[in-house]
Amino acid sequence: MATARQTFVTVLLYSLCCVTFAVILRTTDKDVWANEFESIELSCLIESISTNNPRIEWKKIKNGVPSYVYFQNKISGDLENRALLKEPANLLILNVSRSDSAMYRCEVAAIDDQKPFDEILISLAVRVKPVVPRCSVPNSVTAGSSTELRCMESEGYPLSHYQWFRNNEELPEDPKTSIRFYNSSYVTNAETGSLKFRIVRKEDAGEYYCQARNDAGYAKCSPQLMEVYDFDIGMMLLKIVAGVIAFILLTVGLCVAQKHGYCSCRDHTENDYKVPQYDSGKDCVSADEGHFRHKSSFVI
Ligand SMILES: *[C@@H]1O[C@H](CO)[C@@H](O)[C@H](O)[C@H]1NC(C)=O
Ligand SMILES: *[C@@H]1O[C@H](CO)[C@@H](O)[C@H](O)[C@H]1NC(C)=O
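Going by what an unreviewed UniProt entry lists, the protein chain is known as Ig-like domain-containing protein and is assigned to Pangasianodon hypophthalmus. As stated in UniProt under Sequence similarities (unreviewed entry), the record for the protein chain gives "Belongs to the immunoglobulin superfamily."

Structure, rendered in structure tokens:
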């Protein structure tokens, strides 16, 4: 009888004040951003609990693999000496590194509560400043041709956006929006860092540098000079004519050399062939009347 009443009272209390008998967690931020080398606190607030010494654990889940961060009242794993637990169950990470980007799960087990367990998942993304970008600027371009300047850096997180400067002046994304760059034919791409000139003009010459920027900061490469040369028709024709003359001279020279070589070779074989023929002829002649006759007539 007494047990039945006790059970009844317990059930009544549970149904009336279930909140008091359940552990419920809350966080102020489920998607946390932190700058690298700074500290960040992941909040795990206990809304309600009736157990005195709940078991608190933190796990880090990276690529689906969980590992302990706070376990048996100790910080463990790669956060050891870099994190601490703060009341009620917050995790304070000091000197956040880029490898800390992961999901973190706060788990609280309260055995004396009717609902004895709750957990909360927090995503931590660590912002990383861009490093000095690699910039490629052609040092000389012919006016009227097209060219591309490139800028790239791969450390920054979130991914860097790129901005080009000429003589310390920012190039607007669209040249048509600026009086100074109005006649320029460039196209910028802030995501890839490319600066493409469809037709380079003399006025596009200058010292160019690029800046990589994200939420964590920015970095820029040192300025590099791009010179623009006139498209000189006279000079171009002169070069073409010189080229053609050089080609003709070379061809003629080669032909002559080859012909000479071929002829001297044929002369030689002809000589070689003729000599014995001539000799045999001579022999023949000497044996023949001509020479003989000469001789004989001389004798006569
Ligand atoms: C923070 O961590 C980095 C390595 O991730 C280390 O080089 C640096 O010295 C640390 N800074 C402090 C203040 O502990
Ligand atoms: C752009 O070109 C037009 C026409 O050639 C010229 O009148 C104007 O001054 C140029 N603007 C700049 C900024 O060079």
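Still more to cover.
Draft legend 1. Representation of the sheet that holds strand β11 (residues 117–127) in the model. The strand order across the open sheet built from 6 strands is β2-β11-β10-β5-β6-β7, with neighbouring strands paired in mixed fashion. Both outer strands of the open sheet, β2 (31–35) and β7 (74–75), are each paired with one neighbouring strand and no more. Pairing between strand β5 (residues 55–62) and strand β6 (residues 65–71): 5 bridges, direction antiparallel. Residue pairing in the sheet places Ile61 in a bridge with Pro66 of β6.

Draft legend 2. Spotlight on the pattern of salt bridges. Enumeration over the complete set of coordinates arrives at 16 salt bridges. Here Glu57 ties to Lys59 by a salt bridge, and the two come within 4.0 Å at their closest N and O atoms. Comparing Glu57 with Lys59 shows no difference in burial state: the two are buried. When salt bridges with common partners are traced through the structure, they connect Arg55, Glu57, Lys59, Arg105, Glu107 and Glu119 into a single cluster.

Draft legend 3. View of the environment of Arg134. Mapped onto the elements, Arg134 comes out in strand β12 (residues 134–136). For Arg134, a relative accessible area of 59% corresponds to the exposed category. In this structure, the C-alpha to C-alpha distance between Arg134 and Arg150, residues 16 residues apart in sequence, is 8.0 Å.

What counts, and at which threshold
- Residues numbered from 1 in each chain as written.
- Chains lettered and ligands numbered in written order.
- Predicted model: local features only at pLDDT ≥ 70, side-chain atom pairs only at ≥ 80, totals over all residues.
- Heavy atoms only, no water.
- UniProt positions renumbered as here; feature names shortened; annotations may be inferred.
- Pairing = 2+ DSSP bridges.
- Helix = DSSP H or I, 4+ residues; strand = E, 2+ residues; numbered from the N terminus.
- Salt bridge = Lys/Arg side-chain N within 4 Å of Asp/Glu carboxyl O.
- Buried < 20%, exposed > 50% of the residue type's maximum accessible area, 1.4 Å probe, protein only.

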